[in-house]
Amino acid sequence: MATVVAFHAHPDDEVILTGGTLARAAAGGHRVVVVTATDGRMHNEESGFRLDELRSSADILGAQRVECLGYADSGYGPVFYPDPPGRVSFGRANVEEAAQRLAAILREEEADLLLSYQPNGGYGHRDHVQVHHVGKRGAELAATPRVLEATMPRELLVRVGQLASALRLPAPYEPHIARTAYAPRASITHRIDVFAFARQKRDAFAAHRSQIGDSSVAARMYGVLLRLPPQAFGLLFPREWFVDPALPTGSARRDIFD
């Protein structure tokens, strides 16, 4: 059996990008560890309950350990706000220092595989871009044998955005972002079938109540998705995708351990 460490930027990213894959690995008897760079807080006065939500989510997915590197959320958008008092935003973190924190966990776990992000951070979020740099360096420091970068097919995101526009619904990403987000389908090296773990992925996402409890259109849409039966949820989100930078492109592998 192997140990897989999933390194993410914020609580809830572990579900959106890798939830089904982690549940599948845990069900197969592998050890699953979830590490987030931030606790999801941009300001010190915000509640720290997002880490509690993360632990609940990880438990549903079958993870056996949860860690946070302790950085503040940098926020998304053109304005990069100052660091909160006494804390460092992950987007401004010293890469070597953060990588040492991650490497300590990788060494302790004797990790066989690290799940991280691509150089573009998926859609350009500064914390997600930083996950790539810190994850890559952390794996080097810990001599972790393999790194897979979580992604999505860019073409799929563009089509979903076009459909959402036609139905007058909010799209996951603005068109100009979707056109360069994540990865072209041809570059994806691993396509994982997670349909059988739809219930766990849906329930783990529901554990992040703070992210779906407001009155925004996106939150209302999430609420509708989370009320779907597991089979319907699985049909909407049947796969998760990864790129192995060390592998040539071609036919996609069906398991992260391939």
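As a starting point, this report considers the structure included with it. (Residues numbered from 1 in each chain as written. Predicted model: local features only at pLDDT ≥ 70, side-chain atom pairs only at ≥ 80, totals over all residues. Heavy atoms only, no water.)

Among the surface-exposed residues, Leu163, Leu167, Leu169 and Met221 lie close enough to one another that they form a single nonpolar patch of about 360 Å² accessible area. Mapping Leu167 onto the fold places it in the loop between helix H5 (154–166) and helix H6 (175–178). (Patch = residues over 30% accessible without salt bridge, like charges linked within 9 Å, V, L, I, M, F, W, Y side chains within 5 Å. Areas by Shrake-Rupley, 256 points an atom, 1.4 Å probe, with all protein chains shown as cover. Salt bridge = Lys/Arg side-chain N within 4 Å of Asp/Glu carboxyl O. Helix = DSSP H or I, 4+ residues; strand = E, 2+ residues; numbered from the N terminus.)

As a further point, take the packing of aromatic side chains. Following the criterion strictly, the structure yields 6 aromatic pairs and no others. Where Tyr123 meets Tyr173, the ring centres are 5.2 Å apart and the plane angle is 45°; that geometry is what we call tilted. Here Tyr173 lies in the loop between H5 and H6 and Tyr123 lies in the loop between strand S4 (113–117) and helix H4 (126–142), a separation of 50 residues in the sequence. On the basis of relative accessibility, which here comes to 19%, the residue Tyr173 falls in the buried class. An aromatic cluster is built from Tyr76, Tyr123, Tyr173 and Tyr182, whose rings are joined through pairwise contacts. Lying over the aromatic face of Phe80, Arg92 brings its terminal NZ or CZ to 3.7 Å of the ring centre. (Phe/Tyr/Trp six-rings, centres within 6.5 Å; stacked < 30°, edge-to-face > 60°. Buried < 20%, exposed > 50% of the residue type's maximum accessible area, 1.4 Å probe, protein only. Lys NZ or Arg CZ within 6 Å of the ring centre and 35° of its normal.)

Position of Gln118 relative to the elements: it lies in the loop between S4 and H4. Note on Gln118: relative accessible area 9%, which makes it buried. For the pair Gln118 and Val131, spaced 13 residues apart in sequence, the C-alpha to C-alpha distance is 8.4 Å. Residue contacts for Gln118: discarding those within four places in its chain leaves His132, Glu149, Ala150, Thr151, Tyr182, Ala183 and Val243. (Contact = heavy atoms within 4.5 Å.)

Next up on the list: a positive patch on the surface. A cluster of basic side chains, namely Arg159, Arg185, Arg239 and Arg254, defines a positive patch on the protein surface. Within the secondary structure, Arg159 sits in helix H5. The exposure class assigned to Arg159 is partly exposed, which follows from its relative accessible area of 46%. (Lys, Arg positive; Asp, Glu negative; His and termini not counted. Charge placed at Lys NZ, Arg CZ, Asp CG, Glu CD.)

The next thing to look at is the pattern of salt bridges. A full pass over the atoms with the stated rule returns 16 salt bridges. For Arg41, the salt bridge identified is with Asp39, shortest N-O distance 3.1 Å. The buried category is assigned to Arg41, whose relative accessible area is 17%. Judged by its relative accessible area of 9%, Asp39 falls in the buried class. As a salt-bridge pair, Glu97 and Arg101 come within 3.0 Å of each other at their nearest N and O atoms.

Here we take up the packing of helix H1 (residues 13–27) against helix H2 (residues 49–61). The geometry of H1 relative to H2 is characterised by a closest axis approach of 8 Å and an angle of 35° between their N-to-C directions. Residues Glu14, Val15, Gly19, Leu22, Ala23 and Ala26 of H1 form the contact with H2, whose own contacting residues are Leu54, Ser57 and Leu61. Its residues placed into classes, the contact of H1 with H2 shows 6 nonpolar, 2 polar and 1 charged. (Axes fitted to C-alpha atoms, helices over the stretch in contact; angles between N-to-C directions. Nonpolar A, V, L, I, M, F, W, Y, C, P; charged D, E, K, R; others polar.)

To continue, consider the layout of surface pockets. Here the second largest pocket is characterised by a volume of approximately 210 Å³. Around the second largest pocket, the lining comprises 14 residues; the ones closest to its centre are Lys136, Ala139, Val147, Glu149 and Pro245. Counting residues per element, the ones that place at least two in the lining of the second largest pocket are S4, H4 and strand S5 (146–151). A per-element tally of the lining of the second largest pocket places H4 first, with 5 residues. Here the lining of the second largest pocket is composed, by residue class, of 6 nonpolar, 3 polar and 5 charged. (1 Å grid on protein atoms, 1.4 Å probe; cavity = no way out; pocket = protein on both sides within 12 Å on 5 of 7 lines; lining within 4 Å. Points joined across faces, edges and corners; volume = space filled by probe spheres on them.)

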